[in-house]
Amino acid sequence: QMLAELSKSMKMYEMREVPYAQAIQALGKLDLMRSPLHKIKTILKTASLINSCLNKFLERTDKKVELDGDHLFSIINYVLVRSGVSSIMAHLKFIEAFTTTNIMDSVSGYYCTNFEAASNYLGSLVTSPKKDV
C-alpha cells in the first residue's frame, strides 16, 4: 500500500512539471465515461483547463497573446498525445451519433470538432507514407 501511495505521489509530482497537466489528466478520464453527455463534459472540461493553463502562464510572463484556432489546435494535439486516450475518434463519433443537433451546434460541438480535427491530423502523421525530399 505504501508503494502504491508513493507511486501516486510521484506521478502527481511529475504531472505538475508537464505543461497542461490538468487538461491531460482530465482528458485521460474520457475512456471511463459511458454516456455521450459525460464524454462531452470531459471534452469541455479539458478545453476549459487548456484555457486556464494558458492564461496562468500568460499572467506570469506579462505577455498579451490571444488564443486563436491555430494555437488551440496545436495545444489539443499535445494534450491528445500526452493523455493516452484510446480511440478518440470512436468517442467523438459516439458523441455525434447520440447527441442532439442543438448540442453539436453549440460550444460543445465547436470543441468536439477541434478534437476531431486534431485527431485526424495526428492520424495522418502516423499513416502517411514517407516521401523522399
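As shown above, the structure is provided for reference.
Computed from a predicted structure; not experimentally measured.

What counts and how
- Residues numbered from 1 in each chain as written.
- Predicted model: local features only at pLDDT ≥ 70, side-chain atom pairs only at ≥ 80, totals over all residues.
- Heavy atoms only, no water.
- Salt bridge = Lys/Arg side-chain N within 4 Å of Asp/Glu carboxyl O.
- Helix = DSSP H or I, 4+ residues; strand = E, 2+ residues; numbered from the N terminus.
- Buried < 20%, exposed > 50% of the residue type's maximum accessible area, 1.4 Å probe, protein only.
- Contact = heavy atoms within 4.5 Å.
- Phe/Tyr/Trp six-rings, centres within 6.5 Å; stacked < 30°, edge-to-face > 60°.
- Expected span 1.5 Å × (residues − 1).
- Axes fitted to C-alpha atoms, helices over the stretch in contact; angles between N-to-C directions.
- Parallel < 35°, antiparallel > 145°, perpendicular 65-115°, else oblique.
- Left-handed = near helix turned anticlockwise from the far one by under 90°.
- Nonpolar A, V, L, I, M, F, W, Y, C, P; charged D, E, K, R; others polar.

Asks: I'm lost on the pattern of salt bridges in this one. Help?
Replies: Between side chains of opposite charge, pairing is possible as soon as their charged atoms come close. Enumeration over the complete set of coordinates arrives at one salt bridge. Lys-93 is paired through a salt bridge with Glu-116; the nearest N and O atoms lie 3.2 Å apart. A residue pair is termed long-range when its members are at least 10 positions apart, and Lys-93 in helix 5 (residues 88-97) and Glu-116 in helix 7 (residues 107-127) qualify at 23 residues. Residue Lys-93 is classed as partly exposed on the basis of its relative accessible area of 39%.

Asks: Sorry if this is basic, but what is going on with the side chain of Ser-119 here?
Replies: Here Ser-119 is to be found in helix 7. Beyond its immediate chain neighbours, meaning those up to four positions away, Ser-119 contacts Leu-80, Ile-88 and Met-89.

Asks: Explain the packing of aromatic side chains here, please?
Replies: By convention here, two paired aromatic rings are described through the distance between centres and the angle between planes. Under the defined criterion, the tally for this structure stands at four aromatic pairs. With 5.6 Å between their ring centres and 65° between their planes, Phe-73 and Tyr-121 make a pair best called edge-to-face. On the criterion of sequence distance, the pair formed by Phe-73 in helix 4 (residues 69-83) and Tyr-121 in helix 7 is long-range, its members being 48 residues apart. Residue Tyr-121 is classed as partly exposed on the basis of its relative accessible area, which comes to 39%. Ring plane angle 75° and centroid distance 5.1 Å describe the contact between Tyr-110 and Tyr-111, whose orientation is recorded as edge-to-face. On the basis of relative accessibility, which here comes to 14%, the residue Tyr-111 falls in the buried class.

Asks: Help me understand helix 4 in this model?
Replies: Residues separated by three or four positions in an α-helix point in the same direction, a consequence of the helix having 3.6 residues per turn. Its 15 residues give helix 4 an end-to-end C-alpha distance of 20 Å, which sits within 8% of 21 Å, the value for a rise of 1.5 Å per residue. Of all the positions in helix 4, only Leu-72, Ile-75, Ile-76, Asn-77, Val-79, Leu-80 and Ser-83 are classed as buried. One or two steps after helix 4, the chain reaches Gly-84, where phi turns positive at roughly 75°.

Asks: So what exactly am I meant to see when it comes to the packing of helix 2 (residues 21-28) against helix 4 here?
Replies: Each packed pair of helices is defined by two parameters, the angle between the axes and the distance between the axes. Look at helix 2 against helix 4: their axes get within 9 Å of each other, and the N-to-C directions meet at 60°. Here helix 2 lies oblique to helix 4, going by the angle between them. In the crossing of helix 2 with helix 4, the sense of the turn from one axis to the other is right-handed. Of the residues in helix 4, those touching helix 2 at Ala-23, Ile-24, Leu-27 and Gly-28 are Tyr-78, Val-79, Leu-80, Arg-82 and Ser-83. Residue composition of the contact of helix 2 with helix 4, grouped by class: six nonpolar, two polar and one charged.

Asks: Which parts of the structure should I look at to understand the packing of helix 3 (residues 36-61) against helix 4?
Replies: Helix 4 packs onto helix 3 with a crossing angle of 110° between their chain directions and a minimal axis gap of 11 Å. With respect to each other, helix 3 and helix 4 are oriented roughly perpendicular. Where helix 3 crosses over helix 4, the handedness of that crossing is right-handed. Between helix 3 and helix 4, the residues in contact are Thr-46, Ile-50 and Leu-54 and Leu-72, Ile-75, Ile-76 and Val-79, respectively.

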